[in-house]
Amino acid sequence: MSIRKIQSALISVYHKDNLEPIVRRLNELGVKIYSTGGTEKFIKDLGIDVIAVETITDYPSVFGGRVKTLHPKIFGGILYRRDNESDLEEASQYDIPPIDLVIVDLYPFEETVASGASDSEIVEKIDIGGIALIRGAAKNFNDVTIVSSRTYYSDLQAILDEKNGETTLVDRKLFAARAFETSSHYDSAIFNYVNADQSMDVFKLSSSPARTLRYGENPHQNGYYYGDLSVYFDQIHGKEISYNNLVDIEAAVQLIAEFDDTAFAILKHNNACGVAVGNSVSEAYHRAFAADSVSAFGGILVTNREVDAEAAEEMNDLFFEILIAPSFSDSSLEILKQKKNRILLIQKKGWKENTQYKSLLGGTIVQDYDLKSENDSDLEIKTKKVPTKEEVEDLVFAAKVCKQSKSNTIVLAKDKQMLASGVGQTSRVDALKQAIEKAGNFGLDLHGAVMASDAFFPFPDCVEIAGKAGITAIVQPGGSVKDQLSVDYCNEHKLAMVFTGVRHFKH
């Protein structure tokens, strides 16, 4: 039969939240309850009868609680098949009581790792009995219901209240699937901790729960987000975040993380259409907006300082999708919340991730995030002309923006303001021409500006075009066999050029 009536339950949990209503309902239904340790005490304190596991096993909890439920009478009661005559005979022969429901959760391993605890403390949070109970009960889903997390208490409560503890095979199989997800996620976390030195060349990543997005990159595609966005952000206003929003948000926080001074950036399709430093958020926004006031429409806005009323007034007339900031003044929110769909995010901590994943060709590629950023000490002067202090500051600024733009990339900047960029081009020459044209379209003077390139110049053509447009200093990684041709052109035309030695492709 696919219907199974819950008549006995084993409850052993680390977290007791919301457990009381379930225990009380089980008691009302006459379910025999077995338990251990702190959970046993919790149930007793409710005035409900509970049978200690030790009375079944005739064995105490040993080794500081490391071994409590690992016993044939417990696992036999979970695993024996109720429709198998041989199993029934053995259960009777060895006095093994049936266990129809297992409620168990796991020691908080990931939370302990995240807390910065010592290795010995972390190891003690590797659950053995709990994980074994989960897998055993899940394996025998034909007969047993397994609740592997407090997340699923409400579903169990509904079965107890609405069906008086009768479960269908569909019910039990769903709980089993959830249980195996719990155990596989837990084991992946433990593996990645123990294998932190990457001594085993194995890729394991488990992320849950999933957030169903409105759609994927386009309306005809399904989209999901696996992860916990609340680690980085609190959404305080606006519509539901979409797939494309998430991609843009990461690009925005990666870019703003490059700057210590008050900075503002406007992005579209993962690329900056305006970036600037200012004495205030309002000034930085105004300078960033000036670089491309057309592309800013519908963009993603980000800053590294609190948004005040003055800044909110500046940007309120612009239609934008998202504004990210570490905080918002009350007066700024009164202004910004006038548009109901406008997404406002408080960034709770600076962006910092170490490993990047991408699925392709039926597999996954993994790499370190590009966390290398150049400063003035990384610039190696290659020309007779030495860049001025102001040019050095602009070269570092432009290189940071360039690093966070799609290749091939050219960025033109002056006075810590991006004047224009050419991004995502198959030709570096085309990227430069695009940037020069954009600067002209918005009336921005390139004389005395600097240029940054994400990769080396294989020929001096870009340097020549830039020099004729008014550029006076150039930063690039270097590394071409024809680097000297670009250096020679700079020397002949009194331009400064510096190498960083670091390429920043971004695809």
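Here we summarise the structure given alongside this text.

The rules we used
- Residues numbered from 1 in each chain as written.
- Predicted model: local features only at pLDDT ≥ 70, side-chain atom pairs only at ≥ 80, totals over all residues.
- Heavy atoms only, no water.
- Core = buried A, V, L, I, M, F, W, Y, C linked by side-chain atoms within 4.5 Å.
- Buried < 20%, exposed > 50% of the residue type's maximum accessible area, 1.4 Å probe, protein only.
- Helix = DSSP H or I, 4+ residues; strand = E, 2+ residues; numbered from the N terminus.
- Contact = heavy atoms within 4.5 Å.
- Patch = residues over 30% accessible without salt bridge, like charges linked within 9 Å, V, L, I, M, F, W, Y side chains within 5 Å.
- Areas by Shrake-Rupley, 256 points an atom, 1.4 Å probe, with all protein chains shown as cover.
- Salt bridge = Lys/Arg side-chain N within 4 Å of Asp/Glu carboxyl O.
- Lys, Arg positive; Asp, Glu negative; His and termini not counted.
- Charge placed at Lys NZ, Arg CZ, Asp CG, Glu CD.
- Polar contact = N/O pair within 3.5 Å; in protein donor to acceptor, adjacent residues only side chain to side chain.
- Expected span 1.5 Å × (residues − 1).
- Arc of directions from axis to C-beta.
- Pairing = 2+ DSSP bridges.
- 1 Å grid on protein atoms, 1.4 Å probe; cavity = no way out; pocket = protein on both sides within 12 Å on 5 of 7 lines; lining within 4 Å.
- Points joined across faces, edges and corners; volume = space filled by probe spheres on them.
- Nonpolar A, V, L, I, M, F, W, Y, C, P; charged D, E, K, R; others polar.
- Right-handed = clockwise from strand over helix to strand, strands pointing away.

1. Focus: the nonpolar core
Part 1 of the argument: With 49 residues, the main nonpolar core has Ile11, Leu26, Ile74, Val102, Ile103 and Ile146 as its most contacted residues.
Part 2 of the argument: No other element matches the six residues that helix 10 (residues 169-194) contributes to this core.
Part 3 of the argument: Residues Ile322, Val392, Ala452 and Val498 belong to the second largest nonpolar core, which totals 45 residues.

2. Some thoughts on unusual backbone geometry
Part 1 of the argument: In this structure, the amide linkage connecting Ser407 to the following residue, Asn408, adopts the cis form with an omega of -10 degrees.
Part 2 of the argument: Inspection of the secondary structure puts Asn408 in the loop between helix 15 (389-403) and strand 19 (410-414).
Part 3 of the argument: In this model, Lys416 sits at a positive phi of 55 degrees, which is unusual for a non-glycine residue.
Part 4 of the argument: Within the fold, Lys416 resides in the loop between strand 19 and strand 20 (417-422).

3. Here's the deal with the environment of Ile51
Part 1 of the argument: Along the chain, Ile51 falls in strand 4 (residues 51-52).
Part 2 of the argument: For Ile51, a relative accessible area of 29% corresponds to the partly exposed category.
Part 3 of the argument: Put simply, Ile51 and Ala284 are 233 residues apart on the chain and 67 Å apart in space, counted from C-alpha to C-alpha.
Part 4 of the argument: Beyond its immediate chain neighbours, meaning those up to four positions away, Ile51 contacts Lys32, Ile33, Tyr34 and Ser35.

4. Here's the deal with a negative patch on the surface
Part 1 of the argument: On the surface, a cluster of negative charge is contributed by Glu306, Asp308, Glu310, Glu313, Glu314, Asp317, Asp330 and Glu334.
Part 2 of the argument: Mapped onto the negative patch, the elements with two or more residues apiece are helix 13 (309-316) and helix 14 (330-336).
Part 3 of the argument: Inspection of the secondary structure assignment puts Glu313 in helix 13.

5. What to know about the environment of His185
Part 1 of the argument: Residue position: His185 is located in helix 10.
Part 2 of the argument: Those residues in contact with His185 that sit more than four places away from it in its chain are Glu110, Ser206, Ser207 and Ser208.
Part 3 of the argument: At 2.9 Å, the side chain of His185 and the side chain of Glu110 are in polar contact.

6. Regarding helix 16 (residues 428-441)
Part 1 of the argument: Taking 1.5 Å as the rise per residue, helix 16 with 14 residues should run 20 Å; its terminal C-alpha atoms sit 20 Å apart, in good agreement.
Part 2 of the argument: Arg428, Val429, Ala431, Leu432, Ala435 and Ala439 are the residues of helix 16 that are buried. Buried positions in helix 16, seen along its axis, are confined to an arc of 165 degrees and lie on one side of it. In helix 16, the exposed positions that point more than 90 degrees away from the buried face belong to Glu437, Gly440 and Asn441.
Part 3 of the argument: Packed against the buried residues of helix 16 are strand 19, strand 20, strand 21 (450-453) and helix 17 (461-469).
Part 4 of the argument: Among the residues trailing helix 16, Gly443 stands out with phi positive, at a value near 65 degrees.

7. A look at a nonpolar patch on the surface
Part 1 of the argument: A cluster of nonpolar residues, Phe203, Leu205, Tyr357 and Val366, forms a patch on the protein surface that exposes about 380 Å² of accessible area.
Part 2 of the argument: For Phe203, the position within the fold is in the loop between helix 10 and strand 8 (210-212).

8. Focus on the sheet that holds strand 3 (residues 32-35)
Part 1 of the argument: Read from one edge to the other, the open sheet built from five strands follows the order 4-3-2-5-6, with strand pairing classed as parallel. The open sheet has two edge strands, strand 4 and strand 6 (145-147), and neither has a second partner.
Part 2 of the argument: Examined bridge by bridge, strand 5 (residues 101-104) and strand 6 share three bridges and lie parallel to one another. Each bridged residue has a counterpart across the sheet, and for Leu101 the counterpart in strand 6 is Thr145.

9. Looking at helix 2 (residues 37-45)
Part 1 of the argument: Here helix 2 has its buried residues at Thr39, Glu40 and Ile43. Seen end-on, helix 2 carries its buried residues on one side only, within an arc spanning 100 degrees. Exposed and facing more than 90 degrees away from the buried side of helix 2 are Lys41 and Asp45.
Part 2 of the argument: Where helix 2 is buried, its residues meet strand 2 (8-12), helix 1 (20-28), strand 3, strand 4 and helix 3 (53-57).
Part 3 of the argument: After helix 2 finishes, the residue Gly47 shows a positive phi value of roughly 80 degrees.

10. Observations regarding the pattern of salt bridges
Part 1 of the argument: Summed over the entire model, instances satisfying the criterion amount to 22 salt bridges.
Part 2 of the argument: The salt bridge partner of Arg25 is Glu28, with a shortest N-O separation of 3.0 Å. Of this pair, Arg25 and Glu28 are both found in helix 1, three residues apart, which corresponds to roughly one turn of the helix.
Part 3 of the argument: Across the salt bridge formed by Lys239 and Glu321, the nearest N and O atoms sit 3.4 Å from each other. Here Glu321 lies in strand 14 (residues 320-325) and Lys239 lies in the loop between strand 10 (233-237) and helix 11 (243-256), a separation of 82 residues in the sequence.

11. Overview of empty space enclosed by the protein
To find leftover empty space, one rolls a probe the size of a water molecule over the atoms.
Part 1 of the argument: Enumeration over the complete set of coordinates arrives at one cavity of 30 Å³ or more.
Part 2 of the argument: When its volume is computed, the largest cavity comes out at roughly 60 Å³.
Part 3 of the argument: Secondary structure elements with two or more residues in the lining of the largest cavity: helix 15, strand 21 and strand 22 (473-476).
Part 4 of the argument: For the lining of the largest cavity, the leading source of residues is helix 15, giving three residues.
Part 5 of the argument: Per-class residue counts for the lining of the largest cavity are six nonpolar, four polar and three charged.

12. Observations concerning the side chain of Ser486
Part 1 of the argument: With respect to the helices, strands and loops of the structure, Ser486 is situated in helix 18 (residues 483-492).
Part 2 of the argument: Overall, the relative accessible area of 0% leaves Ser486 in the buried class.
Part 3 of the argument: Apart from residues no more than four positions distant in its own chain, Ser486 is found in contact with Phe457, Phe459, Pro460, Val463 and Met497.

13. Examining the pairing of strand 14
On any regular strand, side chains alternate: one points to one face of the sheet, the next to the other face.
Part 1 of the argument: The buried fraction of strand 14 amounts to six of the six residues, a majority that puts the element mostly inside the structure.
Part 2 of the argument: Where strand 13 (residues 299-303) lies against strand 14, four bridges are found, and the strand directions are parallel. Bridging from a neighbouring strand, Val302 pairs with Ile324 of strand 14.
Part 3 of the argument: At this point the chain moves from strand 13, through helix 13, to the parallel strand 14, and the crossover so formed is right-handed.
Part 4 of the argument: Sheet analysis places strand 14 next to strand 15 (residues 343-347), joined by four bridges and oriented parallel. Each residue of the ladder has a partner; that of Leu323, found in strand 15, is Leu344.

Taken by themselves, the reported measurements are silent on function.
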